[in-house]
Amino acid sequence: MKIIIDTDPGVDDAMAIFYAHAAEEIELLGLTTAFGNVFVHQATRNALYLAEMLGKDIPVAQGAALPLVFDTHEPSKSVHGPEGFGDFTEIEVSGMPVDESAAAFLVRNAQEHQGKLAIVAIAPLTNIADAIRLDPEFTDNVAKIVIMGGAVDCPGNVTPFAEANIYHDPHAAAEVFASGCEIVLAGLDVTLQTLCVLDDFAQMAAMAPKTGGFLNDIGKYYLKFYHEIAGEEGCGLHDSTALIACTHPELFRMEKTGLSVALDGPELGNTVRAGPSETISVCTGVDGETVKDLFMQRILSNP
Ligand code: RIB
Ligand code: CA
């Protein structure tokens with residue numbers, strides 16, 4: 001399956017990108033970057049760093065620095081660290097992003113691979129909204145957009161109502177949900193059922209020293225946040241779960257429903273059901289154990 005990952009690396013983004021590299025059913029066409037866990041220039045540098053670590057020529061296209069409407073953005077330093085990779089801050093890269101914006105990169109690839117390209121969006125949805133604005137045929141050209149975002153039947157992780165990726169650009173999310181695109185929403189309802197614990201990270205380091213070792217190094221900060229703030233002894237495989245919802249939908253229970261997003265007030269960023277929809281599927285259940293096993297299996301098999 002041809003996939004572009006729209007990302008804000010980020011610890012769990014790094015996990016998802018390594019997973020995508022190791023999954024034989026995924027042909028990774030590129031990474032597009034957005035603000036979110038970090039500023040966009042850091043997201044781009046981090047995406048290049050991950051691609052270089054994988055030794056693959058994966059194009060990286062830089063995208064949005066700010067949300068569509070709000071004019072500020074605060075990176076999630078307490079969750080992902082000052083540079084996005086926990087305590088690891090010596091992030092040097094030799095490559096450069098491609099000379100095309102994220103939205104233009106998405107539009108061109110959707111045209112070139114009409115009906116065959118899936119976009120897995122694991123950052124605020126600004127680049128996706130920009131692509132929809134840029135090309136009216138984008139929504140038809142793209143096969144589906146699988147989004148890590150939202151908390152439909154469970155509390156949020158930024159506020160009691162909102163999940164981070166939607167909260168950081170609720171206007172973009174509203175435009176994407178209203179676009180008519182084939183959408184799968186894999187939100188906290190399912191991504192918190194796929195926890196990765198300290199021992200899993202240790203196993204990754206032991207069995208896959210390069211990539212797993214890196215995840216173990218950057219994961220410590222992320223796990224500490226989950227422990228101290230959320231009282232959890234593991235971290236959700238948020239972004240990897242969205243990738244797996246894209247390639248293995250049979251592991252998820254899905255409900256077709258329209259979605260709306262609260263654009264102001266205390267519920268800002270809340271994703272709620274809104275009437276029927278033929279094109280939006282919300283993941284309401286998951287075989288979390290199988291998703292987690294699949295994740296570990298792929299990471300461990302890629303030393
Ligand atoms: O709410 C989890 C999401 O927000 C993940 O994509 C994580 O990387 C952060 O961006
Ligand atoms: Ca992310």
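The sections below set out a description of the structure shown in this document.

About the cut-offs
Residues numbered from 1 in each chain as written. Chains lettered and ligands numbered in written order. Predicted model: local features only at pLDDT ≥ 70, side-chain atom pairs only at ≥ 80, totals over all residues. Heavy atoms only, no water. Pairing = 2+ DSSP bridges. Helix = DSSP H or I, 4+ residues; strand = E, 2+ residues; numbered from the N terminus. Axes fitted to C-alpha atoms, helices over the stretch in contact; angles between N-to-C directions. Contact = heavy atoms within 4.5 Å. Near = heavy atom within 4 Å. Polar contact = N/O pair within 3.5 Å; in protein donor to acceptor, adjacent residues only side chain to side chain. Areas by Shrake-Rupley, 256 points an atom, 1.4 Å probe, with all protein chains shown as cover. 1 Å grid on protein atoms, 1.4 Å probe; cavity = no way out; pocket = protein on both sides within 12 Å on 5 of 7 lines; lining within 4 Å. Sits in = over half its atoms within 2 Å of the grid points. Nonpolar A, V, L, I, M, F, W, Y, C, P; charged D, E, K, R; others polar. Donors = N, O, S within 2.8 Å, 3.2 Å for Na, K, Ca; no water. Buried < 20%, exposed > 50% of the residue type's maximum accessible area, 1.4 Å probe, protein only. Core = buried A, V, L, I, M, F, W, Y, C linked by side-chain atoms within 4.5 Å.

Side note on the sheet that holds strand β6 (residues 183–186)
Here comes step 1: Here we have 8 strands laid out as an open sheet, ordered β3-β2-β1-β4-β5-β6-β12-β9, and mixed in their pairing. Either end of the sheet is taken by a strand with one partner, and the two such strands are β3 (60–62) and β9 (252–256). For this sheet, the mean inter-axis angle between neighbouring strands, taken without regard to orientation, is 25°.
Here comes step 2: In the sheet, strand β1 (residues 2–7) pairs with strand β4 (residues 117–121) via 5 bridges, with the strands oriented parallel. The residue bridging I4 from the neighbouring strand is I119, located in β4.
Here comes step 3: Of the strands in this sheet, β1, β2 (27–33) and β3 are in contact with helix α2 (residues 40–54), which crosses β3 at around 180°.

Regarding the site of ligand 1
Here comes step 1: Of all residues adjacent to ligand 1, which total 13 residues, the nearest are D12, D13, N157, E163 and D239.
Here comes step 2: Taking D13, its side chain carries an N or O atom lying 2.9 Å from an oxygen atom of ligand 1.
Here comes step 3: Residue N37 places a side-chain N or O atom 3.0 Å away from an oxygen atom belonging to ligand 1.
Here comes step 4: In the complex, 96% of the free accessible area of ligand 1, which totals 280 Å², lies under the protein chains.
Here comes step 5: Cavity membership is defined here by more than half of the atoms lying within 2 Å of grid points; on that basis ligand 1 lies in the largest pocket.
Here comes step 6: Elements with a contribution of two residues or more to the shell around ligand 1: α1 (11–22), α7 (164–168) and α12 (238–247).
Here comes step 7: Residues of the shell around ligand 1, tallied by class, amount to 3 nonpolar, 5 polar and 5 charged.

Brief notes about the coordination of the calcium ion (ligand 2)
Here comes step 1: Coordination sphere of the calcium ion (ligand 2), protein contribution only: D8 (OD), D13 (OD), D13 (OD), I122 (O) and D239 (OD), at 2.3 to 2.6 Å.
Here comes step 2: Each donor residue of the calcium ion (ligand 2) lies on the same chain, and together they follow the pattern D-x4-D-x108-I-x116-D. Residue D8 is found in the loop between β1 and α1, and its partner I122 is found in the loop between β4 and α5 (126–134); the two are separated by 114 residues along the sequence. Accessibility classification places D8 together with I122 in one group, the buried group.

As for the packing of α1 against α12
In helix packing, the relevant descriptors are the interaxial angle and the interaxial distance, both defined with respect to the helix axes.
Here comes step 1: Contact geometry of α1 with α12 gives a least axis separation of 6 Å together with a crossing angle of 35°. Only H238, D239, S240, L243 and I244 of α12 make contact with α1, whose side of the interface consists of D12, D13, M15, A16, Y19 and A20.
Here comes step 2: The residue inventory of the contact of α1 with α12, partitioned by class, reads 6 nonpolar, 2 polar and 3 charged.

Details of unusual backbone geometry
Here comes step 1: Between P9 and G10 the backbone carries a cis peptide bond, its omega angle lying at -10°.
Here comes step 2: By secondary structure assignment, the location of G10 is in the loop between β1 and α1.

A short note on the nonpolar core
Here comes step 1: Of all hydrophobic cores here, the largest spans 63 residues; its most connected members are M204 and F295.
Here comes step 2: The element best represented in this core is α1, accounting for 8 residues.
Here comes step 3: Counting 33 residues, the second largest nonpolar core, distinct from the first, contains A61, A110, L117 and F138.

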